[in-house]
Amino acid sequence: MMNHRLIFRIVAIVGLAFGLALLLAPDALMNAYGVESMNSTGRHMAMLYGAALTGYGFMNWGASRAVDLAEIHYVLIGNLVGNALGLVVSLYRVLMVPAEPQSVWLNVAIFLAFTGMFAYLYRTSPAGYRLHAAARHA
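Residues numbered from 1 in each chain as written. Predicted model: local features only at pLDDT ≥ 70, side-chain atom pairs only at ≥ 80, totals over all residues. Heavy atoms only, no water.

K.L.:
Help me understand the pattern of salt bridges in this model?
P.N.:
Pairs can form between side chains of opposite charge whenever their charged atoms are close. Applying the stated criterion to the full structure yields two salt bridges. The residue Arg93 makes a salt bridge to Glu100 at a minimum N-O spacing of 2.6 Å. Exposure remark for Arg93: the relative accessible area of 37% places this residue in the partly exposed category. (Salt bridge = Lys/Arg side-chain N within 4 Å of Asp/Glu carboxyl O. Buried < 20%, exposed > 50% of the residue type's maximum accessible area, 1.4 Å probe, protein only.)

Structure below.
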């Protein structure tokens, strides 16, 4: 069984790896996805996304140190929502855009795994269902 510390650390490491790659070398990472070249706007957007992923990586690493998962309830919910939306967008792109390279399935796999891990934490922990149940009765 995976605990919240392990899940948050896995997500942090993957987020930092992709985030720093997009921030510091966006063209190199995008080449691995079959993008031959980006214009300055595309490069700028990739670097902004890299900055956000790097920030989320640090946030998740910090959240992994929480003793009780209830302390980081909203970090858990934010990760669940963000990864679920990333899964929807990635699936849409890979299924609806014929020119997408097969390497885009990596994004689908990552978002699916992370959505599953955070859904598991939400359903099995007091940080998930109990806090929402208490808020509804208040």
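K.L.:
Help me understand the packing of aromatic side chains in this model?
P.N.:
Aromatic ring pairs: the centre-centre distance and the angle between the two ring planes describe each pair. As enumerated under the stated definition, the model contains one aromatic pair in all. Taken together, a centroid distance of 5.3 Å and an interplanar angle of 70 degrees make the contact between Phe8 and Phe118 edge-to-face. Of the two residues, Phe8 sits in helix H1 (residues 4-24) while Phe118 sits in helix H5 (residues 105-124), which places them 110 residues apart along the sequence. Accessibility classification places Phe8 together with Phe118 in one group, the buried group. The positively charged end of Arg9 is found above the aromatic ring belonging to Trp61, 5.1 Å away from the centroid. (Phe/Tyr/Trp six-rings, centres within 6.5 Å; stacked < 30°, edge-to-face > 60°. Helix = DSSP H or I, 4+ residues; strand = E, 2+ residues; numbered from the N terminus. Lys NZ or Arg CZ within 6 Å of the ring centre and 35° of its normal.)

K.L.:
Is there a simple way to think about the packing of H1 against helix H3 (residues 40-63) in this case?
P.N.:
Helix packing geometry: the angle between the two helix axes and the distance between the axes. Following both chains from N to C, one finds H1 and H3 inclined at 155 degrees, their axes separated by 7 Å at the closest point. Classified by the angle between their axes, H1 and H3 sit roughly antiparallel to one another. Crossing of H1 over H3 shows left-handed handedness. In terms of residue class, the contact of H1 with H3 is built from 17 nonpolar, seven polar and one charged. (Axes fitted to C-alpha atoms, helices over the stretch in contact; angles between N-to-C directions. Parallel < 35°, antiparallel > 145°, perpendicular 65-115°, else oblique. Left-handed = near helix turned anticlockwise from the far one by under 90°. Nonpolar A, V, L, I, M, F, W, Y, C, P; charged D, E, K, R; others polar.)

K.L.:
Any chance you could explain a nonpolar patch on the surface here in plain terms?
P.N.:
Judged by side-chain polarity, Leu91, Tyr92, Leu95, Met96 and Trp105 come together as a nonpolar surface patch covering roughly 540 Å² of accessible area. Within the secondary structure, Trp105 is located in helix H5. (Patch = residues over 30% accessible without salt bridge, like charges linked within 9 Å, V, L, I, M, F, W, Y side chains within 5 Å. Areas by Shrake-Rupley, 256 points an atom, 1.4 Å probe, with all protein chains shown as cover.)

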